[in-house]
Every structure is written in structure tokens, then in C-alpha cells.
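Architecture at a glance
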Amino acid sequence: MNEVYRQATLDDAELVLGVIRRAYRSIGELKIEFAAVHADLEMVRTNIAEHASYVLEIGGTIVATISLRSLPEVTDLPFLYNFAVDPAYANRGVGSKLLSYAEEAVVRDILLSPAVVLATSAKHPWLLPMYERKGYVRFYERELGRDDKLVFLRKNLLPEVRATTG
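Residues numbered from 1 in each chain as written. Predicted model: local features only at pLDDT ≥ 70, side-chain atom pairs only at ≥ 80, totals over all residues. Heavy atoms only, no water.

Taking an unreviewed UniProt entry as the reference, the chain is identified by name as Acetyltransferase belonging to Paenibacillus tyrfis.

Have a look at this one:
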């Protein structure tokens, strides 16, 4: 199938919202307090307009999304967030492909950043170990809701260059 990686536009907002809602439904059921659990159209439109949001299309259908912004209160490195894969495309490598695209084609090759940061819930049953298998390393935690921690992880994208901050 034809795969297209591209930056999202405001015209994509409703479709991106659908992917986020379907993907984060299970996270909401786990009582994890990610903002994306409560995403609405205005939130998605604002994100697309103010930050870099990317999609992966397969056969003309948006099947995954990820966003990129700065998070200066935690790191001076680019921060990936709102990562979502439509559950209908789960376990097909779609998420890994879009994550690699964001890491390599955008963060490393366009932004020229030696590393990237993302965050996930400490209580999610499989996300933290998955990111660690992909080369991410924990460096910071903060409260997330009443009974959880938001774990920030960093991945070096240029092995010969060592990132100096989290």
C-alpha cells in the first residue's frame, strides 16, 4: 500500500481527532490523565496551527499522527507528543514507522537535533518498556493525575554526539 508521511493541515483536523480518540480510548479506560484522552476539535486545530503535527496515510487514509513542540520547562530538545495509531492498524508497525519518521526525517535531519524527548505514563502496561526497547532512556518524572507519574525519556539520534540536557 502507498504510505505518505506529511505535515498535517487544518483540513486534516477532524480525521486526526478521530485517530486520537480511537487510539486514546484504551488509555482513558486505564484512567491515565493525558490531555489527548479528552481531545476535541478545537484542541486538535490549535495543535496543528501552533505546533508541528505529522500524519501517516496508508492508501489515502490517515492512520497515525504525532506532534512536535518545545517543552522548555523540561528540556531544550524537541518534544514528541499526541502520538496515536488508529487501533484498526495496530500491530502492523505503523506506529514504529511514524515514530522513526519523526525522529529521523524531522528531528534529526531538519531540526538537526542530536536527541529527542517524549513522555508516557508510568502506569501504562506496555508503553514505557516499548519506548525503552526503541532506545529511549528515562531522565525525569513528574506527577500525572492523582496516582501516576509522567515519565520523560530521551533518545540520542546521533550516536557520535552526546546530548547535554534532558
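Observations regarding the overall build of the chain
We apply this condition: Secondary structure elements are defined from DSSP: runs of H or I of at least 4 residues count as helices, runs of E of at least 2 residues count as strands, and each element is numbered from the N terminus. With the radius of gyration taken over C-alpha atoms, the globule rule is written as 2.2 Å times the number of residues to the power 0.38. The accessible surface values rely on the Shrake-Rupley method and a 1.4 Å probe; as for residues, cover is taken only from the protein chains in view. Under the convention used here, Asp and Glu are negative, Lys and Arg are positive, and both His and the chain ends fall outside the count. In this description, the location of a charge corresponds to atom NZ of lysine, CZ of arginine, CG of aspartate or CD of glutamate.
Scanning the chain from N- to C-terminus turns up four helices and seven strands. From first element to last, N terminus to C terminus, the chain shows the α and β order β-α-α-β-β-β-α-β-α-β-β. Relative to the 2.2 N^0.38 estimate, which gives 15 Å for 166 residues, the radius of gyration of the chain is 15 Å and therefore close to what a compact globule would have. Its C-alpha atoms give the chain principal-axis dimensions of about 40 × 40 × 30 Å. Carbon and sulfur atoms make up 50% of the accessible area of the chain, which totals about 8800 Å². Averaged over its 20 positive side-chain charges, the chain has a centre that lies 5 Å from the centre of its 22 negative ones.

Focus: the nonpolar core
Our working definition: To qualify as a nonpolar core, a set must consist of buried Ala, Val, Leu, Ile, Met, Phe, Trp, Tyr and Cys residues joined through side-chain atoms within 4.5 Å. To sort residues, take the accessible area from a 1.4 Å probe on protein chains only and compare it with the maximum for the residue type: under 20% means buried, over 50% means exposed, and anything in between is partly exposed. Contacts are assigned to residue pairs that have any heavy atoms within 4.5 Å of one another.
Ile20, Tyr24, Phe34, Val44, Phe79 and Phe152 are the most contacted members of the largest nonpolar core, which totals 29 residues. Going through the elements one at a time, α1 (13-29), α2 (41-50), β4 (79-85), β5 (115-121) and β7 (148-156) are the ones with two or more residues in this core. No other element matches α1, which puts eight residues into this core. If we ignore the near neighbours within four places in the chain, the residues touching Phe79 are Ser67, Leu68, Arg69, Leu71, Val117, Leu118, Ala119 and Phe152. In terms of nonpolar packing, the next biggest core, distinct from the first, is built from 27 residues, Val107, Tyr136, Val151 and Leu157 among them.

A closer look at the UniProt feature "domain: N-acetyltransferase" (unreviewed entry) in the chain
Put simply, the rule reads: UniProt positions are given in the numbering used here, feature names are shortened, and annotations may be inferred rather than shown by experiment.
The UniProt record annotates "domain: N-acetyltransferase" (unreviewed entry) at residues 3-158. Along residues 3-158 one finds 31% helix and 33% strand; the C-alpha atoms at either end are 26 Å apart.

Let's talk about unusual backbone geometry
Residues other than glycine predominantly adopt negative phi, and peptide bonds predominantly adopt the trans conformation. Residues other than glycine seldom take positive phi values, yet Asn91 does so here, at roughly 60 degrees. By secondary structure assignment, the location of Asn91 is in the loop between β4 and α3 (94-108). In this structure, Leu112 is a non-glycine residue whose phi angle is positive, near 60 degrees. Locating Leu112 in the fold gives a position in the loop between α3 and β5.

Considerations on the packing of aromatic side chains
Put simply, the rule is: Aromatic pairing here means that ring centres of Phe, Tyr or Trp (its six-membered ring) are within 6.5 Å. Orientation follows from the plane angle: under 30 degrees is stacked, over 60 is edge-to-face, and everything else is tilted.
Applying the stated criterion across every chain yields a total of seven aromatic pairs. Between Phe79 and Tyr81 the ring centres are 5.9 Å apart and the planes differ by 10 degrees, which places this aromatic pair in the stacked class. Across the pair, Tyr81 and Phe79 agree in class, each one buried. Where Phe79 meets Phe152, the ring centres are 6.0 Å apart and the plane angle is 40 degrees; that geometry is what we call tilted.

A few points about the environment of Gln7
Relative to the elements of secondary structure, Gln7 occurs in strand β1 (residues 3-7). Taking the C-alpha atoms as reference points, Gln7 and Leu56, separated by 49 residues in sequence, lie 8.9 Å from one another. Here Gln7 is in contact with Asp12, His51, Ala52, Ser53 and Tyr54, once residues within four sequence places are set aside.

Observations concerning the packing of α1 against α2
Rules: Fitted lines through C-alpha atoms serve as axes, helices being fitted only where they are in contact, and the angles separating the N-to-C directions of these axes extend from 0 to 180 degrees. Each angle is binned into one of four classes, with values under 35 degrees roughly parallel, values over 145 roughly antiparallel, values of 65 to 115 roughly perpendicular, and all other values oblique. Throughout, a crossing is termed right-handed when the near helix is turned clockwise from the far one, and left-handed when it is turned anticlockwise from it by less than a right angle. Under this grouping Gly is polar, as are all residues other than the nonpolar Ala, Val, Leu, Ile, Met, Phe, Trp, Tyr, Cys and Pro and the charged Asp, Glu, Lys and Arg.
For the pair α1 and α2, interaxial distance at closest approach is 9 Å and the crossing angle is 115 degrees. Comparing the axis directions of α1 and α2 gives the class roughly perpendicular. Like other packed secondary-structure pairs, α1 and α2 cross with a definite hand, here right-handed. Of the residues in α2, those touching α1 at Ala13, Glu14, Val16, Leu17 and Ile20 are Leu41, Val44, Arg45 and Ile48. Among the residues forming the contact of α1 with α2, the class breakdown is seven nonpolar, no polar and two charged.

Here's the deal with the side chain of Ser67
Condition: In protein, a polar contact requires one atom able to donate a hydrogen and another able to accept it; more generally it is a pair of N or O atoms within 3.5 Å, and residues adjacent in sequence count only if both atoms are side-chain atoms.
With respect to the secondary-structure elements, Ser67 resides in strand β3 (residues 61-69). Among the polar contacts made by the side chain of Ser67, one reaches the side chain of Asn47 at a distance of 2.7 Å. With residues near it in sequence (within four places) discarded, Ser67 still touches Asn47, Ala52, Ser53, Phe79, Leu80, Tyr81 and Asn82.

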